[in-house]
Each structure stands twice: as C-alpha cells, then as structure tokens.
Amino acid sequence: MLFRYLVLSGLIFKIFVTLGQGSKQETSLNSLMDAWHKNATLAQFEPYFSATADDFIFLGTAPGEMWDKTAFMAYSKPYFDSGKAWRFTPKNRVWNFSENGKTAWFVEDLETWMLGCRGSGVCTKTNKGWKIRFYNLGVLIENEKIKEFIELRKF
C-alpha cells in the first residue's frame, strides 16, 4: 500500500513539474513571438531578425515567397527602413513541445491588413535562448470562396 502511494505521489509530482515547465516555456516563447511581431510593427529591424536562428526560413503568402534569413532580410530592409514594415496581431496561439523540451512548434491566428491569416512555426532552444527557426504565413480563405480565388490566381 505504501509503495503504491509513493509511486502515485511520484507520478503526480512529475506531471505537475512537467506542466509547470511547459507553462514556463510557453510564457517565454509567447514573449519571444509577441516581441517579434511588435518589432515588425515598430519597424525595428535588428531586434526583429535577432529573434531568428541563422538558418531561419520564412514562407510568405505569395508563391515565390520562400526565403532564407539573408534573403528575407534583404527583402524586408526597405520596409523597415521606411519606418513601416507590417502589423500582425496574434491571438489563439497553441504550442507543442518535443519530448526533450528543446523544440517547440506553434500555430497562431493573425489579424492583418489581409484580414485573417494564420502563422505557424518552429522555435528551438539554443545557448542564446529560444530562436525562431521557421515561420509560415498563410491567408485564410473560406472553402465556399475557393473557386473564385482559383479564378483570380489564373490572371
């Protein structure tokens, strides 16, 4: 009986510790992503890109928008230099973690000038903290409007 109690207590403790770590990591990652989006809004080039890993990949909404970090920096620089990059307001962000807790992936809804969008990405824990390694931006379109959208894409 005592053995069962100890095993059960140990399992409950492990669950609470794991949940606490996930919550702490989520808080840190939410801060990273919120600051990243805010730095775009404020056209803060260096802080925006310092949040990303050296091998960062950004997928935009247009067919040709698949950039490595260097190419995305070159594309983005004129927008940031003009003082007006882009404003994405995130909500409904959901995180998942690898078993070792060093990789996290997420999905988030975004309010943008394009109306509703969705972003998804991957972050990794480095010796310099969490870094954004991959981000995919997609425009949302209702299924019943997809045929009209396809027609627009043909031009």
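From a predicted model like this one, the values you see are computed outputs, not experimental measurements. (Residues numbered from 1 in each chain as written. Predicted model: local features only at pLDDT ≥ 70, side-chain atom pairs only at ≥ 80, totals over all residues. Heavy atoms only, no water.)

This paragraph deals with the side chain of Glu108. Mapping Glu108 onto the fold places it in strand E4 (residues 103-112). A distance of 2.7 Å separates the side chain of Glu108 from the side chain of Arg93, its partner in a polar contact. Polar side-chain contacts of Glu108 include one of 2.6 Å to the side chain of Tyr135. Aside from chain neighbours lying at most four places away, what touches Glu108 is Met33, His37, Pro90, Lys91, Asn92, Arg93, Cys117, Arg118, Gly119 and Tyr135. (Helix = DSSP H or I, 4+ residues; strand = E, 2+ residues; numbered from the N terminus. Polar contact = N/O pair within 3.5 Å; in protein donor to acceptor, adjacent residues only side chain to side chain. Contact = heavy atoms within 4.5 Å.)

As a further point, take the nonpolar core. If you look at soluble globular proteins, the nonpolar side chains tend to sit buried side by side. Grouped together as the largest cluster of nonpolar side chains are 29 residues, with contacts concentrated most on Trp36, Tyr48, Phe58, Phe80, Cys123 and Tyr135. Broken down by secondary-structure element, the contributors of at least two residues to this core are helix H1 (2-41), helix H2 (45-50), strand E1 (52-59), helix H3 (69-81), E4, strand E5 (115-126) and strand E6 (129-139). Per element, the largest residue contribution to this core is 5 residues, and it comes from H1. (Core = buried A, V, L, I, M, F, W, Y, C linked by side-chain atoms within 4.5 Å. Buried < 20%, exposed > 50% of the residue type's maximum accessible area, 1.4 Å probe, protein only.)

Within a regular strand, side chains alternate between the sheet's two faces. In this structure, E1 lies alongside E6, joined through 4 bridges in parallel fashion. Each bridged residue has a counterpart across the sheet, and for Phe58 the counterpart in E6 is Tyr135. Pairing geometry for E1 and strand E2 (residues 66-68), over 3 bridges, is antiparallel. When the sheet's bridge partners are listed, Leu59 is paired in E2 with Met66. Once E1 ends, the chain turns through 6 residues before running back antiparallel as E2. (Pairing = 2+ DSSP bridges.)

Our focus in this paragraph is H3. Helix length check: H3, at 13 residues, gives a terminal C-alpha distance of 17 Å against a target of 18 Å (1.5 Å per residue), a fit within 8%. The sharpest bend along H3 measures roughly 35° and falls at Tyr75, with the proline Pro78 sitting one to four residues further on. Where H3 starts, the residue carrying a side-chain oxygen 3.3 Å from the main-chain nitrogen of Thr70 turns out to be Asp68. A positive backbone phi angle near 85° is found at Gly83, which sits one or two residues after H3. (Expected span 1.5 Å × (residues − 1). Bend = angle between axes of the 7 residues up to and from the residue.)

Quick look at a nonpolar patch on the surface now. A cluster of nonpolar side chains, contributed by Ile141, Ile146, Phe149 and Ile150, occupies part of the molecular surface with about 290 Å² of accessible area. The residue Ile141 is located in the loop between E6 and helix H4 (146-153) in this model. (Patch = residues over 30% accessible without salt bridge, like charges linked within 9 Å, V, L, I, M, F, W, Y side chains within 5 Å. Areas by Shrake-Rupley, 256 points an atom, 1.4 Å probe, with all protein chains shown as cover. Salt bridge = Lys/Arg side-chain N within 4 Å of Asp/Glu carboxyl O.)

The subject of this paragraph is the sheet that holds E1. The 6 strands are arranged E2-E1-E6-E5-E4-E3 in an open sheet whose pairing can be described as mixed. This sheet does not close on itself; its edge strands, each paired only once, are E2 and strand E3 (89-97). Strand-to-strand twist of the sheet, defined as the mean angle between neighbouring strand axes without regard to direction, takes the value 15°. For E5 and E6, the ladder comprises 10 bridges, and the chain directions are antiparallel. (Axes fitted to C-alpha atoms, helices over the stretch in contact; angles between N-to-C directions.)

Attention now goes to the side chain of His37. Locating His37 in the fold gives a position in helix H1. Look at His37 and you get buried, because its relative accessible area is 4%. Ignoring any residue separated from it by four or fewer positions in sequence, one finds His37 in contact with Phe88, Pro90, Arg93, Glu108, Leu110 and Tyr135.

With that out of the way, let us pick up unusual backbone geometry. One non-glycine residue, Asn92, adopts positive backbone phi at about 55°. The residue Asn92 is located in strand E3 in this model. For Leu115, which is not a glycine, the phi torsion comes out positive at approximately 70°. Its place among the elements puts Leu115 in strand E5.

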